[in-house]
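So you can see what is in the structure, the chains are spelled out below.
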Amino acid sequence: MQGQNQQQAYDRGITIFSPDGRLYQVEYAREAVKRGTASIGVRTPEGVVLVVDKRTRSPLLEGSSVEKLHKVDDHVGAASAGHVADARQLIDFARQQSQVERVRYDEPIGVRTLTKEVTDHIQQYTQVGGARPFGVALLVAGVEDGEPRLFETDPSGTSNEWKAVAIGSNRGDIQEFLEDEYETDLDVDGGIDLALRALNEGRDGALQGEGVGVAVVDAETGTYRELEAEESQSYIDDIEAVETDDEETEE
Amino acid sequence: MQGQNQQQAYDRGITIFSPDGRLYQVEYAREAVKRGTASIGVRTPEGVVLVVDKRTRSPLLEGSSVEKLHKVDDHVGAASAGHVADARQLIDFARQQSQVERVRYDEPIGVRTLTKEVTDHIQQYTQVGGARPFGVALLVAGVEDGEPRLFETDPSGTSNEWKAVAIGSNRGDIQEFLEDEYETDLDVDGGIDLALRALNEGRDGALQGEGVGVAVVDAETGTYRELEAEESQSYIDDIEAVETDDEETEE
Amino acid sequence: MQGQNQQQAYDRGITIFSPDGRLYQVEYAREAVKRGTASIGVRTPEGVVLVVDKRTRSPLLEGSSVEKLHKVDDHVGAASAGHVADARQLIDFARQQSQVERVRYDEPIGVRTLTKEVTDHIQQYTQVGGARPFGVALLVAGVEDGEPRLFETDPSGTSNEWKAVAIGSNRGDIQEFLEDEYETDLDVDGGIDLALRALNEGRDGALQGEGVGVAVVDAETGTYRELEAEESQSYIDDIEAVETDDEETEE
Amino acid sequence: MQGQNQQQAYDRGITIFSPDGRLYQVEYAREAVKRGTASIGVRTPEGVVLVVDKRTRSPLLEGSSVEKLHKVDDHVGAASAGHVADARQLIDFARQQSQVERVRYDEPIGVRTLTKEVTDHIQQYTQVGGARPFGVALLVAGVEDGEPRLFETDPSGTSNEWKAVAIGSNRGDIQEFLEDEYETDLDVDGGIDLALRALNEGRDGALQGEGVGVAVVDAETGTYRELEAEESQSYIDDIEAVETDDEETEE
Amino acid sequence: MQGQNQQQAYDRGITIFSPDGRLYQVEYAREAVKRGTASIGVRTPEGVVLVVDKRTRSPLLEGSSVEKLHKVDDHVGAASAGHVADARQLIDFARQQSQVERVRYDEPIGVRTLTKEVTDHIQQYTQVGGARPFGVALLVAGVEDGEPRLFETDPSGTSNEWKAVAIGSNRGDIQEFLEDEYETDLDVDGGIDLALRALNEGRDGALQGEGVGVAVVDAETGTYRELEAEESQSYIDDIEAVETDDEETEE
Amino acid sequence: MQGQNQQQAYDRGITIFSPDGRLYQVEYAREAVKRGTASIGVRTPEGVVLVVDKRTRSPLLEGSSVEKLHKVDDHVGAASAGHVADARQLIDFARQQSQVERVRYDEPIGVRTLTKEVTDHIQQYTQVGGARPFGVALLVAGVEDGEPRLFETDPSGTSNEWKAVAIGSNRGDIQEFLEDEYETDLDVDGGIDLALRALNEGRDGALQGEGVGVAVVDAETGTYRELEAEESQSYIDDIEAVETDDEETEE
Amino acid sequence: MQGQNQQQAYDRGITIFSPDGRLYQVEYAREAVKRGTASIGVRTPEGVVLVVDKRTRSPLLEGSSVEKLHKVDDHVGAASAGHVADARQLIDFARQQSQVERVRYDEPIGVRTLTKEVTDHIQQYTQVGGARPFGVALLVAGVEDGEPRLFETDPSGTSNEWKAVAIGSNRGDIQEFLEDEYETDLDVDGGIDLALRALNEGRDGALQGEGVGVAVVDAETGTYRELEAEESQSYIDDIEAVETDDEETEE
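Described in the following lines is the structure provided in the data block. (Residues numbered from 1 in each chain as written. Chains lettered and ligands numbered in written order. Predicted model: local features only at pLDDT ≥ 70, side-chain atom pairs only at ≥ 80, totals over all residues. Heavy atoms only, no water.)

The subject of this paragraph is unusual backbone geometry. One non-glycine residue, Asp106(E), adopts positive backbone phi at about 55°. With respect to the helices and strands, Asp106(E) occurs in the loop between helix H3 (84–105) and helix H4 (111–127). Among the residues examined, Asp106(E) registers a relative accessible area of 70% and is labelled exposed. If you check the backbone angles, Asp145(G) has positive phi at about 55° while not being a glycine. Note on placement: Asp145(G) falls in the loop between strand E5 (136–144) and strand E6 (147–153). (Helix = DSSP H or I, 4+ residues; strand = E, 2+ residues; numbered from the N terminus. Buried < 20%, exposed > 50% of the residue type's maximum accessible area, 1.4 Å probe, protein only.)

Structure, rendered in structure tokens:
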């Protein structure tokens, strides 16, 4: 009880420090991320894979309108988890930064630079009063000088680069799965396969092409592409075939 | 009790996160939507249908002045549920965006683009202090490149595209009815019929032309049109005829 | 007790939503309207009638200075109930809008358009912080394209069009009386008669020309006119004559 | 107790409505008016009389520096009750409005128009945050088109026109006295006499020329004039002579 | 207890009215004045005398740096009591107003006009939020058209003109002494003598030239002058001589 | 308990008065000064001496980086006690004022004028909201027209001139020592000696050149100079020699 | 309990003083620094060494993206501990200041000057409302006029120069180790060795090249350089070899 009252005292008004040096509003914004369905990124030498959970709450909802995968520029895409409308703001911001860079320097923005611009923007909302932090995390995937890059942004404005990472619901389980199964010499197909299996691990229902979004930023072409539902389904079918085999083998 | 006190602590002042990552002011704004009478949208290949509950609390009130159906542009209409004056602000904003687009590009605004502009506007009121969120949801119906589109906006600034959807009072029951009865090959008449029956399901009193508003955005002509009370009544009469038949058959 | 405490938690600072989606400050502003003496509007095919309760608290007070009836433009008048100084602000705003319209388009402002401008202004005070809502309701009566129109504005910024309506003290009883007695084919005299009898119903003291204000917007001439005290008294005398007759008849 | 706690909850921060639709800060500002010594206005066909209580708390204080009577323009004066420094702000504002009118239209400002300007200014401080209401009431006395006018402003921004009225300490008793004794055909001398006797009624100590301020706006000349202490004293002497007679007669 | 809690509820944030119409922050600012050492003004036909208590808390403190007497303009001086740094702000403001007047009209500012400017400035800090009231009172002494004038300003922004007045610590006792001893036909020497004796009455320690400041605005020359410590001491010596005589006489 | 609760009620938000007329935030800022190590100023006819306690909390810390002595201009220096970063802001402000004066009038700023500029700056932070007071006191030492001057500024914005004064930790004891030992005809060496002995009195550890800073503004040359550690040490050695003698003598 | 409640009362809203003169928000920001992994700086005559703890929480995280070492300018680097996104803001600010200096004066910024600019920026966030303090400490290492300099900044805006210093987690233990082992005549290799051993002391896991970042600002070349992971590992290997020897020797 005591601890709870004490906590309540530091989490209102503008974002301020608690006695133990934490920013509660930022931590609560991280909870908002956890409330969102999962998004997974896997980096391979051939490109970066983004896989998102798009299950809809009604069969009448158009899955294509669930905003979890976003093209930021020709060579950069992003997956989000958390507060949907907040994500859209950050994606818009990222797109503007990309365009500014193209206009100013006549070349594509670096993935790291872009991520830094976005996280600087996020940080402002954690320090200056009059607004709440963004309740969303992003995976920023792109190709920079021919190299695949995968960054994560969190509500504190911190960014990290990953080989493979999950955000959103069940992050813990999925990340553990990725750590167990990730191999550095995956090809893109292997990356998609790994990400889909990881997503399956983190949710109880079976995968379906409609309820999953897959995107790839290809290292060679340097372009972002979202897969059609049928393409996704064929990857899922492969997984299930293997799992069925496994199960049979287990017997 | 404990839970209740805890909840109260996070829902005042500017919109901030609760410890479990929720935005209470946004959730309360959703309650404001539920307090409004229902509006229903049904998308058919031939066009999008909007049906609204316009029952008035006094026979002396002019039903035509109940602001639930709004023409946004020649090819776009909207139905609202929730705080009436808030809805008017969003509709005004949407009309301005449409006009700006026409002036700037000399062509009608896309339905998806328009919805995004509106939801970006809504999102600002959930993050920046000094104002409360909008207590209203909208159904944005229109035709884009000959295709009927139906979007929903909610107080968080999220938008979704639907085949058929309800907002406002009794959303749960109506949506369930829509999910049971919706067919993808409906014509406009079938869409109006479905929406009226869904509305009837969600309210206890019998339908009447005066107490119901119906609008259609026709795919072919690409224009928004509100039906006269007599037109609406003829659709209602058909429904009642069928239901009476059904009841008789049931016996 | 619990309910009361809970309510208190959501009605201070800027106008925010309560957990059940209500805007308490707006509802309290409606209470401010109820604290004002009644105003009644009756629409007839020949014109719109406004009747207001102007009883003064001291015989030394000049009844003419009680601000309840307001000329907005040649063809539009308004009656108010609630916070007197707030009403004056809204009337001033309405007059400015009328003048702007005349200057810009060289024609009288539409009654519906004018009402919308006023309610948009009211809505701002319910959403943006730093000010309280307006504690006043208006009846806006006018003629538009030869048609009599009667609108009501409330503190939420909602407007409705009415055949006959009451605002302020005893609204409930008066409105019920109007619903029972209203007929669509009233002439202006009949409208004044109905409004005065409705006002009499809603207050305990007997009517007197001094304590009542009557105005008419005539459909044919399209002009707003306030009746002199003697004119009002003659209408009152007629009513009393009839009522005395009725009473005698009842015996 | 309960009622008291509830009241306390609605009277801080910016001026907001209480659940029963009242503006407590405005009501408290009215209490500030009651804490001030009384001011009385009496309108006669020949001109308007203002009488103020100027008793000082020390014989070393210069009575002339007690700011209760104010010349606003040649043809308008004002008497105040309540917060002295607030009154000075409103008087300054009124003087500026008068000058602006003279510069713009080359004619004296109307008394009603002037009062409206002042009360609009007052109203702003009751609705917009960041400042408290004015804790003062004014009697605005003047001549307009040869007609004597007497207006009262209160802290809510409401104005009323009066035949005779009191503000400040003991308003209730004095107003009652005025209602009993006022006659419409008073001359200016009779008006001064009535106001002084009313003031005497409302305070316990005997009147004295030094402790009373008297001003007259004459209908014929249309000019505001403050009486010298000796002139005031002669009026007081007359009253006392009469009262002594009365007392003797009573025996 | 109850009263105390109630009081606490109305004295924070911006300056607002309490239920009984008081401005607590202004009243507390008056307490800040009482915490300051006393300052006394005495007006005589020959000029205005200001006497201030400058006792220092350490022998190492330079008495000349105790800011209690201030030259405002050639013909105006001021004595302060209360918050020292606040006094300096008001004196700076007064000096600027004097200079502006000289530049604009090429003549010395009137003492009453100057005082009004200062009190208008003070009033703003009692009504508009975002700052606290000034915790200081001033005695403004000067010569206007050959006439000596003595005004007092208080933290509410009220000004009064006095024959003789005290501000600061022990105001009550000193003012009572002044009321008993003041004579209208004092010369400047008599005024200094009266003020010093009054100061002696209000404090327990014996007077000393170092611990007292004396200034005079001479009616004839119209100039402000501060006395040297020795001059002050000679006045003090005279008083003590008389008092010793009195004591001997009393025996 | 009661007193404590009462106190807590008046010390938050913007700086406001307590019921007894105190500014708690200013008083707490004075506590911040007391938390700083001591600084001492001694004025002699030959110049002003500043001595500061620079003991560091780690042998790895460069003593020279402890900001307690500051050159403000050629002829002015300052010593600070309290919040280090706040001191730096005030010193920067003082330096700017000095430069502005030089640029504008082509002559060194007066020490009193400079101190006034600084204290006016400090006062603003005690009256206007949105910032806290400065938690630092300064000793401003300089030469003006050949005269040594020594001023103290405190967090309220008050300034005082001193013969000798201490700020910071153990101010009481050190000031008492200075009052006992100060002589008006000290030379600079004597002033340094006095200040070092006073500092020794106020702290328990023995003096050391590294842990002490000494600066002098020489009256003749009119320049500020900080002593090297060895110079300081030689003064300390002299003191210790004397004290050892004293002790021996005491036996 | 009492103490805890009292503390809670002074640490919210804008940064204000507690009754004992402390700034709690600044102290809590220092706790945020302690929550960060450690960074260590060691100054030697040959250059300044920065060593940071970069252990990552997942093997899939790219260690190179952990932002703890930052190049500020050719001749200046910085290590941070605490809130990562805050650190990035300060580093960006420092880089801008460096560039401004180069553009304006065509020479590298002084390390002390740069540190002062950064700490002035930090101080603003501790005094002016509307934002929280920076939750980060920096070690600023550089070469100025051929001299190695090492400064620390803390959340209060204080800076200190050090021979060797630690910030972040386990500061106490590491600093103690540095105080025991530091020698003034270390070469760069010795400095790296000392810093790594100190870091090892402060954390329980064994050092690894991947989990440690090392940078050097060389006095001779005046340039900042970050070591590759293999270089770091070779230093670690040396330490472990020695420690193993030591352990063996101990037996």
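Residue and element names in this part refer to chain D. Look at helix H5 (residues 171–181) against helix H6 (residues 188–202): their axes get within 9 Å of each other, and the N-to-C directions meet at 140°. Our classification of the angle between H5 and H6 gives oblique. In this structure, H5 crosses over H6, and the sense of that crossing is right-handed. Contact with H5, carried on its side by Ile174, Phe177, Leu178 and Glu181, involves Leu194, Arg197, Ala198, Glu201 and Gly202 of H6 and no other residues of that element. When the residues that make up the contact of H5 with H6 are grouped by side-chain class, the tally is 5 nonpolar, 1 polar and 3 charged. (Axes fitted to C-alpha atoms, helices over the stretch in contact; angles between N-to-C directions. Parallel < 35°, antiparallel > 145°, perpendicular 65-115°, else oblique. Left-handed = near helix turned anticlockwise from the far one by under 90°. Contact = heavy atoms within 4.5 Å. Nonpolar A, V, L, I, M, F, W, Y, C, P; charged D, E, K, R; others polar.)

Across the boundary between the two partners, chain A contributes 40 residues, which contact 36 residues of chain G. For the pair chain A and chain G, the summed buried area comes to about 3,200 Å², and 50% of that belongs to carbon and sulfur atoms. The largest share of the area that chain A buries against chain G comes from Phe17(A), Gln127(A) and Trp162(A), three residues that together contribute 21% of it. Put simply, chain A and chain G have 4 salt bridges between them. One salt bridge in this structure joins Glu62(G) and Lys163(A), with 3.9 Å as the shortest N-O distance. Across the chain A-chain G interface, the total number found is 14 residue pairs in polar contact (both at pLDDT 80 or more). When contributions to the side of chain A that touches chain G are tallied by element, the ones reaching two or more residues are helix H1 (2–8), helix H4 (111–127), strand E7 (159–161) and helix H5 (171–181) of chain A. No other element matches H4(A), which puts 8 residues into the side of chain A that touches chain G. Counted by class, the side of chain A that touches chain G contains 12 nonpolar, 17 polar and 11 charged residues. (Buried area = accessible area lost by both parts, 1.4 Å probe. Salt bridge = Lys/Arg side-chain N within 4 Å of Asp/Glu carboxyl O. Polar contact = N/O pair within 3.5 Å; in protein donor to acceptor, adjacent residues only side chain to side chain.)

Moving on: the interface of chain D and chain C. Contacts between the two partners involve 40 residues from chain D, matched on the other side by 37 residues from chain C. Taking both partners together, chain D and chain C bury about 3,200 Å²; carbon and sulfur atoms supply 50% of that area. Its salt-bridge partner being Arg88(C), residue Asp120(D) comes within 2.9 Å of it at the nearest N-O pair. Within the residue set of the side of chain D that touches chain C, elements represented by two or more residues are helix H1 (2–8), helix H4 (111–127), strand E7 (159–161) and H5 of chain D. Per element, the largest residue contribution to the side of chain D that touches chain C is 8 residues, and it comes from H4(D). Along the lines of polarity and charge, the residues of the side of chain D that touches chain C split into 12 nonpolar, 17 polar and 11 charged.

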